[in-house]
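Understanding the architecture of this molecule
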Amino acid sequence: MEESPEPRTGEQAGPPAAPVREPVVLTTERLVLRAPRESDIDAIDAACQDPEIQRWTVVPSPYRRSDAEYFVTDLARNGWRTGENLVWCVFERESGALVGTQGLALRAGRTDTAEIGWWAAKEFRGRGYTVEAATAVARYGLAELGLRRLEWLAYVGNDGSRAVASKVGFRFEGTLRAYAEQRGRFHDAWIASLLPGDLAD
Ligand SMILES: CC(C)(COP(=O)(O)OP(=O)(O)OC[C@H]1O[C@@H](n2cnc3c(N)ncnc32)[C@H](O)[C@@H]1OP(=O)(O)O)[C@@H](O)C(=O)NCCC(=O)NCCS
């Protein structure tokens, strides 16, 4: 028997599913952001050896090549396929070098709220690249996807990420205690948000 595509009378429809998405390319003055490819695995693996990325994000620690393979061929690919986790690799336009990643993870069961995330390869920090890339991703999320609210969270003490969020225009909202899970441990987290009206013209 075929399953009915519509919920039957009296049944709950459940949360709205995120729409399936084709990967989107974003271009800024100095950068191009595109969905990860298998040819990026070595550069992602090299960048994620950095203890700062392992300290402040949910990437595995120690980080192995198989983790970069999983990121590209499973997490990012399925994230775009389901529309629930949109991931970009960020490249310097001039050199083609991988300078970081950006992501938009939709809040479970919602299509109007997402969390933004990023890391920068250590050789490319301090050039304003993360602010430039995150601004493009935030604009895409709010203006193109029509998100109502974009959230940034970081473990308390991540001053670098907080500086980036603030430069993008996020407004700080406070501290969530024992909130953000990292490898089985819950950290206190800073939270900030960006709404469509916060975007500069
Ligand atoms: C946080 C991180 C993404 C910043 O990347 P970046 O490319 O150096 O950021 P930008 O060059 O765009 O810097 C933007 C601003 O943040 C400031 N900033 C960067 N790191 C900082 C730090 N550790 N402390 C204070 N300010 C910092 C810069 O000075 C710059 O401000 P300025 O233009 O007034 O000088 C990078 O350090 C990183 O990948 N860290 C490890 C992973 C991580 O923390 N990810 C975020 C998890 S929430």
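Bear in mind the structure is a predicted one, so any value in this text is a computation, not a measurement.

1. Considerations on the overall build of the protein chain
Of the regular secondary structure elements, the protein chain holds 5 helices and 8 strands. Taken from N to C terminus, the helices and strands of the protein chain fall in the order β-β-α-α-α-β-β-β-α-β-α-β-β. The C-alpha atoms of the protein chain give a radius of gyration of 18 Å, which matches the 17 Å a tight globule of 201 residues would have. Here the C-alpha coordinates of the protein chain stretch approximately 60 × 40 × 35 Å along the principal axes. Taking all 201 residues of the protein chain together, the buried fraction comes to 44%. Considering only intrachain contacts with a sequence separation of at least 6, the fraction spanning at least 24 residues in the protein chain is 60%. With an accessible surface of roughly 11,400 Å², the protein chain has 49% of that area assigned to carbon and sulfur atoms. When the 25 positive and 30 negative side-chain charges of the protein chain are each reduced to one mean point, those points stand 4 Å apart.

2. Examining helix H4 (residues 129-144)
Compared with the 22 Å implied by 1.5 Å per residue over 16 residues, the 22 Å span of H4 between its first and last C-alpha is a close match. With 12 of 16 residues buried, H4 lies mostly within the body of the structure. When we look at burial in H4, the residues that qualify are Tyr 129, Thr 130, Val 131, Glu 132, Ala 133, Ala 134, Ala 136, Val 137, Ala 138, Tyr 140, Gly 141 and Leu 142. Taken from the residues just after H4, Gly 146 is the one with a positive phi, measuring 75 degrees.

3. Describing the confidence of the model for the protein chain
Confidence along the protein chain averages 92 in pLDDT terms, with 92% of residues attaining 70 or more. Every residue in residues 1-12 scores below 50 in pLDDT, and together they form 1 contact with partners more than four places removed in sequence or on other chains.

4. Description of the nonpolar core
Of all hydrophobic cores here, the largest spans 54 residues; its most connected members are Ile 44, Trp 88, Leu 104, Ile 116, Leu 150, Trp 152 and Phe 170. Tallying contributions element by element places H4 first for this core, with 9 residues. Leave out the neighbours within four places in its chain, and Trp 152 touches Ile 116, Trp 118, Ser 161, Arg 162, Ala 165, Phe 170, Phe 172, Trp 190, Ile 191 and Ala 192. Counting 6 residues, the second largest nonpolar core, distinct from the first, contains Trp 56, Tyr 155, Ala 180 and Ile 191.

5. Some words on the packing of aromatic side chains
Scanning all chains against the criterion turns up 3 aromatic pairs. Ring centres 5.7 Å apart and planes at 85 degrees place the aromatic pair Trp 88 and Tyr 140 in the edge-to-face group. Here the residue Trp 88 occupies a position in strand S3 (residues 85-92), and Tyr 140 occupies one in helix H4, the gap between them amounting to 52 residues. Take Trp 88: its relative accessible area is 0%, and that puts it in the buried class. Aromatic pair Phe 172 and Trp 190: ring centres 6.2 Å apart, planes at 75 degrees, arrangement edge-to-face. Separated by 18 residues along the polypeptide, Phe 172 in strand S7 (residues 171-182) and Trp 190 in strand S8 (residues 185-194) bring together distant segments of the chain. Among the aromatic side chains, those forming a connected cluster through ring pairs are Trp 80, Trp 88 and Tyr 140. The ring of Trp 190 carries the charged tip of Arg 162 above its face, separated from the ring centre by 4.7 Å.

6. Quick notes on the site of the ligand
Taken together, 23 residues are adjacent to the ligand, and Ala 120, Gly 128, Thr 130, Asn 158 and Lys 167 come closest. Residue Arg 125 places a side-chain N or O atom 3.4 Å away from an oxygen atom belonging to the ligand. Gly 128 places a main-chain nitrogen or oxygen 2.7 Å from an oxygen atom of the ligand. Relative to its unbound accessible surface of 920 Å², the ligand loses 69% to contact with the protein. Elements represented by at least two residues in the shell around the ligand include exactly helix H2 (51-56), strand S5 (113-120), H4, strand S6 (149-155) and helix H5 (159-168). Here the residues of the shell around the ligand sort into 11 nonpolar, 7 polar and 5 charged.

Reading the values: the criteria
- Residues numbered from 1 in each chain as written.
- Predicted model: local features only at pLDDT ≥ 70, side-chain atom pairs only at ≥ 80, totals over all residues.
- Heavy atoms only, no water.
- Helix = DSSP H or I, 4+ residues; strand = E, 2+ residues; numbered from the N terminus.
- Rg over C-alpha atoms; globule rule 2.2 N^0.38 Å.
- Buried < 20%, exposed > 50% of the residue type's maximum accessible area, 1.4 Å probe, protein only.
- Contact = heavy atoms within 4.5 Å.
- Areas by Shrake-Rupley, 256 points an atom, 1.4 Å probe, with all protein chains shown as cover.
- Lys, Arg positive; Asp, Glu negative; His and termini not counted.
- Charge placed at Lys NZ, Arg CZ, Asp CG, Glu CD.
- Expected span 1.5 Å × (residues − 1).
- pLDDT = per-residue confidence, 0-100.
- Core = buried A, V, L, I, M, F, W, Y, C linked by side-chain atoms within 4.5 Å.
- Phe/Tyr/Trp six-rings, centres within 6.5 Å; stacked < 30°, edge-to-face > 60°.
- Lys NZ or Arg CZ within 6 Å of the ring centre and 35° of its normal.
- Near = heavy atom within 4 Å.
- Polar contact = N/O pair within 3.5 Å; in protein donor to acceptor, adjacent residues only side chain to side chain.
- Nonpolar A, V, L, I, M, F, W, Y, C, P; charged D, E, K, R; others polar.

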